[in-house]
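The chain contents come next:
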Amino acid sequence: MQEVFLRAVGSEQRHRLANPAAFLQRIARNLLINRAVSSRRNRIVLLPLEDGHDLASPPEQELEMEAADLLRLYERAVTDLSEKTRRVFVMHRVEELSYREIHQRLGISIATVEYHMMKALAHIAQVVDPLDE
């Protein structure tokens, strides 16, 4: 939760929010997606020091399966985006460019960058969690 609020406070959008609760939920959902993506990339497995202590770890296996399912949904959602929206999304989320840098590279307004990001995030949220409307 602390990371959610830190990101919210640091956001350029914080002063013009129509629905702050939805904004916080979106930040939390994006953090979960980012963690699922990074856990898939890192694939670090920690083993207990005492071999006989914890032989089975079904919760960890279940979390890995849920993360893999979530990642598949996320990848499908990103693939389904229009070319321009996907490009803006990837530039911001993967290449970690600011809205201003995207605006300069693509020659579109910052408002258009914001529009494409909101469109991408809304679509991804709908695909990843369709019941949360």
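Residues numbered from 1 in each chain as written. Predicted model: local features only at pLDDT ≥ 70, side-chain atom pairs only at ≥ 80, totals over all residues. Heavy atoms only, no water.

Student: Tell me what's going on with the overall build of the chain, and back it up with residues and numbers.
Tutor: A count of helical and extended segments in the chain gives 6 helices and 0 strands. For the chain, the N- to C-terminal ordering of α and β elements is α-α-α-α-α-α. Per-residue burial for the chain yields a buried fraction of 28% across its 133 residues. A sequence separation of at least 24 residues applies to 58% of the contacts in the chain between residues at least 6 apart. Accessible area for the chain stands at about 9,600 Å²; split by element, carbon and sulfur atoms hold 55% of it. (Helix = DSSP H or I, 4+ residues; strand = E, 2+ residues; numbered from the N terminus. Buried < 20%, exposed > 50% of the residue type's maximum accessible area, 1.4 Å probe, protein only. Contact = heavy atoms within 4.5 Å. Areas by Shrake-Rupley, 256 points an atom, 1.4 Å probe, with all protein chains shown as cover.)

Student: Can you break down the nonpolar core residue by residue, with the values?
Tutor: Counting 22 residues, the largest nonpolar core has Tyr-74, Val-88, Phe-89, Ile-102 and Ile-124 as the members making the most contacts within it. Those elements that provide at least two residues to this core are helix 2 (20–42), helix 3 (58–80), helix 4 (83–93), helix 5 (99–106) and helix 6 (110–128). Tallying contributions element by element places helix 6 first for this core, with 7 residues. Each residue touching Ile-102, except ones within four places of it in the same chain, is listed here: Val-88, Met-91, His-92, Leu-97, Gly-107 and Val-113. (Core = buried A, V, L, I, M, F, W, Y, C linked by side-chain atoms within 4.5 Å.)

Student: For the pattern of salt bridges, give the residues involved together with the corresponding values.
Tutor: Taken as a whole, this structure holds 4 salt bridges when the rule is applied. Between Arg-86 and Glu-83 there is a salt bridge, with its nearest N and O atoms 2.8 Å apart. Residue Arg-86 and its partner Glu-83 are located together in helix 4, separated by 3 residues, close to a single helical turn. Of the charged contacts, one joins Arg-105 and Glu-95 as a salt bridge, the two residues approaching to 3.9 Å between their closest N and O atoms. Here Arg-105, found in helix 5, pairs with Glu-95, found in the loop between helix 4 and helix 5; they are 10 residues apart in sequence, far enough to count as distant. On the basis of relative accessibility, which here comes to 44%, the residue Glu-95 falls in the partly exposed class. (Salt bridge = Lys/Arg side-chain N within 4 Å of Asp/Glu carboxyl O.)

Student: Outline the confidence of the model for the chain, supporting the account with residue identities and numerical values.
Tutor: Confidence along the chain averages 80 in pLDDT terms, with 81% of residues attaining 70 or more. Summarising per-element confidence for the chain, the mean pLDDT is lowest in helix 1 (residues 2–10) (76) and highest in helix 5 (95). (pLDDT = per-residue confidence, 0-100.)

Student: A description of the packing of helix 4 against helix 6 should follow, citing residues and the corresponding values.
Tutor: Interaxial distance between helix 4 and helix 6 falls to 9 Å at its minimum, and their mutual angle equals 95°. In terms of orientation, helix 4 lies roughly perpendicular with respect to helix 6. Here helix 4 contributes Lys-84, Thr-85, Val-88, Phe-89, His-92 and Arg-93 to the contact with helix 6, which in turn contributes Val-113, His-116, Met-117, Lys-119, Ala-120, Leu-121 and Ile-124. Residues belonging to the contact of helix 4 with helix 6 are distributed by class as follows: 7 nonpolar, 3 polar and 3 charged. (Axes fitted to C-alpha atoms, helices over the stretch in contact; angles between N-to-C directions. Parallel < 35°, antiparallel > 145°, perpendicular 65-115°, else oblique. Nonpolar A, V, L, I, M, F, W, Y, C, P; charged D, E, K, R; others polar.)

Student: Tell me about helix 6, and please be specific about residues and values.
Tutor: Under the 1.5 Å per step criterion, the end-to-end length of helix 6 is 26 Å for 19 residues, consistent within 8% with the ideal 27 Å. Within helix 6 the residues assigned to the buried category are Val-113, Glu-114, His-116, Met-117, Ala-120, Leu-121, Ile-124, Ala-125, Val-127 and Val-128. Take helix 6 and look down its axis: the buried residues cluster within an arc of 165°, on one side only. (Expected span 1.5 Å × (residues − 1). Arc of directions from axis to C-beta.)

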